[in-house]
Amino acid sequence: MATDPDRPGFLLPLLLLAGFRTLIDDLHAELARQGHPELRPLHGFVLQAVGADGTTATELGQRLGISKQAAGKTVDRLVALGYLERADDPRDARRKLVRMTPRGHDGLRRSAVIFDQLRQRWANTLGADRVAALEDDLRMVTPANWFRLDVPGWFGG
């Protein structure tokens, strides 16, 4: 089977990345309009990795695929911005937990709503059936554990 010269193999990952980048850029522009101008793409991965129950800096680094020190610097930034807080672990006084603040929860809630709106925008442009087919097709060619929180580490090398 010959490769279509108008559709070289390298084009697919570039288009997928451009689609991802478009969604993320549009998300952050809207988050800024809704009162979260300081949130960056990495911050969303961090807030997801912290989760509803909180975590330690060491566990956070493991979840993100980055060092404990890098995780600590990112946590420091998000604490300063009011999205995370450090607290004593009620089960182990030697451990410090990193938890989301109400502002962190608000940022994640707004992100979910905005992503739904962005998906609808794509459906309005491409057609709902085509967006659903695109999602179905991507599910067929991606692993079952496609959502891995170590994406920032993967992009960083």
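Before any of the text, the structure's been laid out above.
Residues numbered from 1 in each chain as written. Predicted model: local features only at pLDDT ≥ 70, side-chain atom pairs only at ≥ 80, totals over all residues. Heavy atoms only, no water.

Novice: Give me the lowdown on the pairing of strand β1 (residues 84-89), citing residues and values where you can.
Specialist: Where β1 meets strand β2 (residues 92-100), 6 bridges bridge the pair, whose relative direction is antiparallel. Paired with Ala87 across the two strands is Leu97, which belongs to β2. Between β1 and β2, which pair antiparallel one after the other, the connecting turn spans 2 residues. (Pairing = 2+ DSSP bridges. Helix = DSSP H or I, 4+ residues; strand = E, 2+ residues; numbered from the N terminus.)

Novice: Give a description of the nonpolar core that names residues and reports values.
Specialist: Core analysis: the largest hydrophobic core is formed by 20 residues, its most contacted members being Val46, Leu47, Val50, Leu60 and Leu84. Contributing elements (two or more residues each) for this core: α1 (11-33), α2 (41-50), α3 (57-64), α4 (68-80), β2 and α5 (102-126). With 4 residues, α2 is the single largest residue contributor to this core. If we skip the residues at most four places from it in the chain, Val50 touches Thr55, Leu60, Arg63, Leu84, Val98, Arg99 and Met100. (Core = buried A, V, L, I, M, F, W, Y, C linked by side-chain atoms within 4.5 Å. Buried < 20%, exposed > 50% of the residue type's maximum accessible area, 1.4 Å probe, protein only. Contact = heavy atoms within 4.5 Å.)

Novice: So what's going on with the packing of α2 against α3? Which residues, and what values?
Specialist: Taken N-terminus to C-terminus, the directions of α2 and α3 make an angle of 120°; their axes are 10 Å apart at the nearest point. In terms of their interaxial angle, α2 and α3 are classed as oblique. The way α2 lies across α3 gives a crossing that is right-handed. Residues Phe45, Val46, Ala49 and Val50 of α2 pack against Leu60, Arg63 and Leu64 of α3. When the residues that make up the contact of α2 with α3 are grouped by side-chain class, the tally is 6 nonpolar, no polar and 1 charged. (Axes fitted to C-alpha atoms, helices over the stretch in contact; angles between N-to-C directions. Parallel < 35°, antiparallel > 145°, perpendicular 65-115°, else oblique. Left-handed = near helix turned anticlockwise from the far one by under 90°. Nonpolar A, V, L, I, M, F, W, Y, C, P; charged D, E, K, R; others polar.)

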